[in-house]
Amino acid sequence: MNGYLHIFMSLIGVIGNILVITVVYRQGLKDTPQILMMSLAASDALFSTVTLVIHVPNIIFNVDFYLAKTIVTYINVYVVEIYYFTIVLSFCTFPLISFERMIAVYFPFQVSQICTTFRIKCVLSSLYVYSLAATIISVSYFYPLWLEIPFSNRSYAVVDQTDFLKNNLDVLNLSQIIILMYLLSIIPVSVTTICCLMIILKLVRNSRSRLSKAKIQTKNSRNMQVVKMLLTACILSCVSTIPTVAIDIFTQSEYTEEGFMTLEFTEVLQTINHILFQLSPTLNFFIYLTMSSKFSAKFKQIFQQNSNKLCC
């Protein structure tokens, strides 16, 4: 799971999100859903790339243990912060997407005045700053410490705590639990879930109205495709995120402190967490491709143009 499965999912996530960025850029960032899709795809592409880098050493361990150990050390010191930054950014982006689509469903004639492109860009910019501020402090936690292998001329690096972390360990652990687990996990997931349920409720009510059906089939058919597409992406995010939040709470609970959970079982739970984190970035491209006729048409057009250029 940590090796081949995770690397395969990460690779699909990188390719898929690069394709999303290409298609959305070719369409033009003219409305708020495209801006949100572009931002989410950019963060997911970065997340998948970092995840790919993090899990490549799991294969190197089978070839050279000490080389893999050194690579993992430098990844934990210099790369993991980017991983957490992209997770936090995705967690905070989905509530914005679901809220914007909820406004589009409940106030279709006022959504262009409420959720303007300028306001969405400002909120996204603040989310980037917020995510960076929440994770940047972890840069000062660790550093690589080189050790010599006895009776050999080889050496390898391990992760060691900085004096800053050692002197403020309890405070930093408490702040991470409060900030990362509650402010950046539970609250965003709760907001996304509530908005998704309200959208589903509205769509169910509309489906029972003949007048609403007529509107959907004519003027608003493409808008409803966008609503259902982004709604599906948000639901997938909730389905994959809620178990990860539950696992994080469980692993931080008294069961681990009192020794009821073995280290191996905790590592299995964390591995499942990482798989679930990667689920949404991997599948979003396929959601867009199958649920949006505009996205799929643009993708086919780009693919055919590139194929014609190669043939020429």
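Calculation notes
- Residues numbered from 1 in each chain as written.
- Predicted model: local features only at pLDDT ≥ 70, side-chain atom pairs only at ≥ 80, totals over all residues.
- Heavy atoms only, no water.
- UniProt positions renumbered as here; feature names shortened; annotations may be inferred.
- Axes fitted to C-alpha atoms, helices over the stretch in contact; angles between N-to-C directions.
- Helix = DSSP H or I, 4+ residues; strand = E, 2+ residues; numbered from the N terminus.
- Parallel < 35°, antiparallel > 145°, perpendicular 65-115°, else oblique.
- Contact = heavy atoms within 4.5 Å.
- Nonpolar A, V, L, I, M, F, W, Y, C, P; charged D, E, K, R; others polar.
- Buried < 20%, exposed > 50% of the residue type's maximum accessible area, 1.4 Å probe, protein only.
- Core = buried A, V, L, I, M, F, W, Y, C linked by side-chain atoms within 4.5 Å.
- Pairing = 2+ DSSP bridges.
- Expected span 1.5 Å × (residues − 1).
- Polar contact = N/O pair within 3.5 Å; in protein donor to acceptor, adjacent residues only side chain to side chain.

You'll find the chain entered in an unreviewed UniProt entry as G-protein coupled receptors family 1 profile domain-containing protein, with Lymnaea stagnalis given as the organism. Recorded under Subcellular location (unreviewed entry), the UniProt text for the chain is reproduced unchanged: "Membrane".

### A word on the packing of helix H4 (residues 65-78) against helix H5 (residues 80-106)
With their axes 4 Å apart at the nearest point, H4 and H5 run at an angle of 50° to one another. When the interaxial angle is binned, H4 and H5 end up oblique. Between H4 and H5, the contacting residues are Ile75, Asn76, Val77 and Tyr78 on the first element and Val80, Glu81 and Ile82 on the second. Classifying every residue of the contact of H4 with H5 gives five nonpolar, one polar and one charged.

### Examining the environment of Val88
Secondary-structure assignment places Val88 in helix H5. Residue Val88 is classed as buried on the basis of its relative accessible area, which comes to 4%. For the pair formed by Val88 and Ser43, sequence separation is 45 residues and the distance between their alpha carbons is 9.8 Å.

### Remarks on the nonpolar core
Tyr288 and Phe295 are the most contacted members of the largest nonpolar core, which has 43 residues in total. Contributions of two or more residues to this core are made by helix H1 (4-27), helix H2 (32-55), H5, helix H7 (117-135), helix H9 (169-207), helix H11 (221-251), helix H13 (263-291) and helix H14 (293-311). Tallying contributions element by element places H5 first for this core, with eleven residues. Excluding residues within four positions of it along the chain, Tyr288 makes contact with Val20, Met37, Leu40, Met229, Leu230 and Phe295. One finds Phe47, Ile75, Val79 and Val80 within the second-largest nonpolar core, a separate group that totals nine residues.

### Some words on the pairing of strand E2 (residues 155-161)
As a general feature of sheets, a regular strand has side chains that alternate between the two faces. Inspection of the sheet shows strand E1 (residues 142-148) paired to E2 by seven bridges, in the antiparallel sense. Bridged to Trp146 within E2 is Ala157. Once E1 ends, the chain turns through six residues before running back antiparallel as E2, passing Phe151 with a positive phi of about 60°.

### Digging into H2
Helix length check: H2, at 24 residues, gives a terminal C-alpha distance of 34 Å against a target of 34 Å (1.5 Å per residue), a fit within 8%. Most of H2 is tucked away, with 18 of its 24 residues classed as buried. N-cap assignment for H2: the residue whose side-chain oxygen lies 3.3 Å from the backbone N of Gln34 is Asp31.

### Observations concerning the UniProt feature "transmembrane region" (unreviewed entry) in the chain
On the UniProt side, "transmembrane region" (unreviewed entry) is annotated at positions that read residues 6-25, 37-62, 82-107, 127-146, 177-204, 225-251 and 271-291 here. Here residues 6-25 runs as 100% helix and 0% strand, with 28 Å between its end C-alpha atoms. Within residues 37-62, the helical portion is 88% and the strand portion 0%, while the C-alpha atoms at the span's ends are 39 Å from each other.

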